[in-house]
Amino acid sequence: MKKWVFMIAAGLLSVSGFCQNVALKSNLLYDATTTINLGIEYALSDKLTLDVGMNYNPWAFPQKKLNMQGEEIVDEGYDAKLKHFMVQPELRWWLCEKYNGHFFGAHVHYANFNIGGLSFLPDGWGDHHDDGIQNKRFEGWGGGSGVSYGYHLLLGNRLSLEFTLGLGYAYLKYGKFDCAKCSKEISRSTMQYFGPTKAGISVIFMLK
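Residues numbered from 1 in each chain as written. Predicted model: local features only at pLDDT ≥ 70, side-chain atom pairs only at ≥ 80, totals over all residues. Heavy atoms only, no water.

Colleague: How do you make sense of the pairing of strand S2 (residues 36–43) when you look at a structure like this?
Modeller: As a general feature of sheets, a regular strand has side chains that alternate between the two faces. Side chains Asn37, Gly39, Glu41 and Ala43 of S2 all project onto a buried face; the interleaved residues Ile36, Leu38, Ile40 and Tyr42 project onto a face where none is buried. Across four bridges, the pairing between strand S1 (residues 22–27) and S2 is antiparallel. Across the sheet, residue Leu24 finds its bridge partner in S2, namely Ile40. Two elements, S2 and strand S3 (residues 48–57), share eight bridges in a ladder whose sense is antiparallel. Among the inter-strand pairings, Asn37 is bridged to a residue of S3, identified as Asn55. Adjacent in sequence and paired antiparallel, S2 and S3 are bridged by four residues. (Buried < 20%, exposed > 50% of the residue type's maximum accessible area, 1.4 Å probe, protein only. Helix = DSSP H or I, 4+ residues; strand = E, 2+ residues; numbered from the N terminus. Pairing = 2+ DSSP bridges.)

So, in structure tokens, the structure goes:
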């Protein structure tokens, strides 16, 4: 009997110790783009943590146009979409102590994407305006790495806000299509990108 009591007590202490080192978070910037996201951060030491962020966007948004009679109808041939899955682990070093104040991070990232018809994004892909992301669909994958800076603002015993911005490199390989739901692949291309690779305003809940 004493053996079982000891094992149960040890298990509870182990779970308690684990939870005190774990933070769950949601990035409000991703939420604004209808992207489902979850971040988990685990303390490795007093000044080192490992943050793993995951994003998933499965949605397509039907576009509307005017017919010959001036009536607004759904354009069946083209949907706006920001479909993607991305994972971005980051190792963080805290200037003061974990989960408090300023930190610097080094991250890697990998994503699959299927995007197009997005008027709020710049036409960075394609040689002409009508080849850009507003008028074509791009499907492929990308990966890379970067560095970041952030600040963790304590709001209470369990609740916090986090602000972070990262810069880095990404290699993209993708196919270009003429519309969202149909057409054959027009071309295949690769692109090397240097610039922002991480941005966040996150709500954090500490597990204690």
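Once the structure has been displayed, the description carries forward.
Colleague: What is the right way to look at the nonpolar core in this model?
Modeller: Nonpolar side chains in soluble globular proteins generally cluster together in the buried interior. The biggest cluster of nonpolar side chains holds eight residues, and these are Ala80, Leu82, Phe113, Ile115, Leu118, Phe138, Leu172 and Tyr174. Within the residue set of this core, elements represented by two or more residues are strand S5 (72–94), strand S6 (101–116) and strand S8 (159–177). Counting residues in each nonpolar core, the second largest holds seven residues, with Ala23, Trp94, Tyr99 and Phe103 among its members. (Core = buried A, V, L, I, M, F, W, Y, C linked by side-chain atoms within 4.5 Å.)

Colleague: When you look at empty space enclosed by the protein in this model, what are you seeing that I'm missing?
Modeller: Where empty space is left becomes clear once a probe the size of a water molecule has been rolled over the atoms. Throughout the structure, instances matching the rule amount to one cavity of 30 Å³ or more. Each pocket or cavity is described by its volume, and for the largest cavity that value is around 200 Å³. Around the largest cavity, the lining comprises 20 residues; the ones closest to its centre are Asn27, Tyr30, Asp51, Gly53 and Lys198. Among the secondary structure elements, those contributing two or more residues to the lining of the largest cavity are S1, S2, S3, S5, S8 and strand S9 (185–207). Class assignment for the residues of the lining of the largest cavity results in five nonpolar, 10 polar and five charged. (1 Å grid on protein atoms, 1.4 Å probe; cavity = no way out; pocket = protein on both sides within 12 Å on 5 of 7 lines; lining within 4 Å. Points joined across faces, edges and corners; volume = space filled by probe spheres on them. Nonpolar A, V, L, I, M, F, W, Y, C, P; charged D, E, K, R; others polar.)

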